[in-house]
Structure formats: C-alpha cells, structure tokens
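Each chain, letter by letter, is given below.
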Amino acid sequence: MSGTSPALQPPADAVNPVRHPDAPAPGELLGAHYGQCFGCGGDQPHGLHLQARAGEGVAITAEFTVQPAHQGAPGLAHGGVLTAALDEALGSLNWLLRTIAVTGRLETDFLRPVPVDTTLYLEAEVTAVAGRKIYSTATGRIGGPDGPVAVRADAVFIEVKIDHFVDHGREQEIRAAMEDPDQLRRARAFEVNP
C-alpha cells in the first residue's frame, strides 16, 4: 500500500505468521463471531453481513453487497462503511491464528467509488507478527474477485486477553455472551474488534 505510515511497518524482528493447527480448513465459511456485530452479525438489520472464508496460509476471502443503508453520497457506499468492511475482513484473520485481538491502527486508501448494489470482494492476509502485534493487509475489488481494486487497507491488531472485553463492554451483552451454552460461540463472541 502506498503511503503506509511507519506504525504499520513490521519491525525487523517480526516473524512470519503461523496458521493455528485448529484453524478452519481452507474454503470453510468462518461464520459470524457475534450476532450483534455490525460487520458479520446476522442480527444487525443494516449491518454488512460479511461472509468470510478461510484461505490458504493466514488469509481469508470475504464479500458483502453494498445496501442502500450503506450510502454516503447518493448511490455510493459511505467510506466509513467500506473501512468497516476492511476492518471486519482483517479482524477475521485472527480466527486463523486463534488469537483474541483488536484493531490498533487501520489505514485505508479509496481508489474508486463503490456503487450501491455492488458486491465488494475482499482478500486479507496476515503479513507478520511481532510480540502482541499482528500486521495485516486487505484489498476490496469490484466486478469480481479479479476486478479492479476499489479500496485497500493495512492494519495492526493487538492481541488482548478476554478481560479487555469484560472490563470495557456493556455489562448485559458481556453477561449474555459469557452465559452462552455453546462453548465455541462463546469464545468467538470475543474474537475481534472492541
């Protein structure tokens, strides 16, 4: 990505990411990590409903269709919504690492407009890991998975403990998620973005 700030450049001692042995298999749908998540949750009527699939290595593919509720200028996706889609795709990568992490920094480049009713095809991958920092990059294409790049982003995610969510989240949602009898769904609720 051109113009990436130094904060998004991995340090010299960063290591290559390693896919967790229990990560979903390539091609497997990751599913929503939390029903109320604006990015992937099915319980958000105006959410993105982003569908992510595990890729090879520490990469995912995803897509979402821009709805009228996602407009900024008439007939075009709001830049914040496109950034949210990239953030959600980048956050989904943490499931392949089996790490709880939150967005520390995200920089987005907007290269072409994305009209309402357009499907945005996203690809994201982890590029390096340095201590608690996870460096990643993503692109969003229009017209198909090989279409022109409309948006792209670089990010640093920071690994956190579950206490991050317990200490800062709204009590009723935290309690409901912690009391979910489905152990996998309970763990995934705290997977990405605060």
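Predicted, not measured: the structure shown is a model, and the values here were computed from it.

**Student:** Even after reading the chapter, I still don't get the overall build of the protein, so can you show me in this structure?
**Tutor:** When its secondary structure is counted, the protein shows four helices and six strands. Overall, the protein shows an N-to-C arrangement of helices and strands of β-β-α-β-β-β-β-α-α-α. Each of the 194 residues in the protein was classed as buried or not, and the buried ones make up 43%. In the protein, the share of contacts with a sequence separation of at least 24, taken over all contacts with a separation of at least 6, comes to 66%. Summing over all exposed atoms, the protein offers an accessible surface of approximately 9,800 Å²; the carbon and sulfur share of this is 51%.

**Student:** How do you make sense of the side chain of Thr99 when you look at a structure like this?
**Tutor:** Residue placement: Thr99 occurs in the loop between α1 (79-97) and β3 (101-110). Exposure remark for Thr99: the relative accessible area of 15% places this residue in the buried category. Within the structure, the side chain of Thr99 is placed 3.3 Å from the backbone oxygen of Leu97, a separation counted as a polar contact.

**Student:** Any chance you could explain the nonpolar core here in plain terms?
**Tutor:** Within soluble globular proteins, side chains that are nonpolar tend to cluster in buried spots. Counting 38 residues, the largest nonpolar core has Ile60, Phe64, Leu90, Val114, Leu120 and Leu122 as the members making the most contacts within it. Counting residues per element, this core draws most heavily on α1, at 10 residues. Setting aside chain neighbours within four positions, we find Ile60 in contact with Leu30, Ala52, Arg53, Ala54, Gly55, Ala89, Leu93, Leu96, Leu122, Glu123 and Ala124.

**Student:** Hey, could you run me through the pairing of strand β6 (residues 149-159) in this one?
**Tutor:** Taken residue by residue, a regular strand's side chains alternate between the two faces of the sheet. With eight of 11 residues buried, β6 is to be regarded as a mostly interior element. Sheet topology note: the β3/β6 ladder contains nine bridges and is antiparallel. Note on β6: the bridge partner recorded for Glu107 is Asp154. Hairpin connection from strand β5 (residues 133-142) to β6: six residues lie between these consecutive antiparallel strands, with Gly143 at a positive phi of about 85°.

Procedures and definitions
Here the residue numbers are simple positions, counted from 1 along each chain's written sequence. Only residues with pLDDT of at least 70 are given local features in this predicted model, and only at 80 or more are side-chain atom pairs given and counted; all residues enter the totals for whole chains, interfaces and linings. Side-chain figures throughout are based on the complete set of non-hydrogen atoms in the structure, without hydrogens or water. A helix here means a DSSP run of H or I that spans at least four residues, while a strand means a run of E at least two residues long, and both kinds are numbered starting from the N terminus. Per-residue accessibility, obtained with a 1.4 Å probe over protein chains only, is compared with the maximum for each type, and a residue is labelled buried under 20%, exposed over 50%, and partly exposed between these values. When checking whether two residues touch, look at their non-hydrogen atoms; a contact exists if any pair is within 4.5 Å. Working definition of accessibility: Shrake-Rupley area with a 1.4 Å probe, residue cover restricted to the visible protein chains. Two N or O atoms count as a polar contact when they lie within 3.5 Å, although within protein this holds only if one can serve as hydrogen donor and the other as acceptor, and sequence-adjacent residues are included solely when both atoms are side-chain atoms. What is meant by a nonpolar core is a set of buried Ala, Val, Leu, Ile, Met, Phe, Trp, Tyr and Cys residues, joined one to another through side-chain atoms within 4.5 Å. Only strands joined by at least two bridges in the DSSP assignment are considered to pair.

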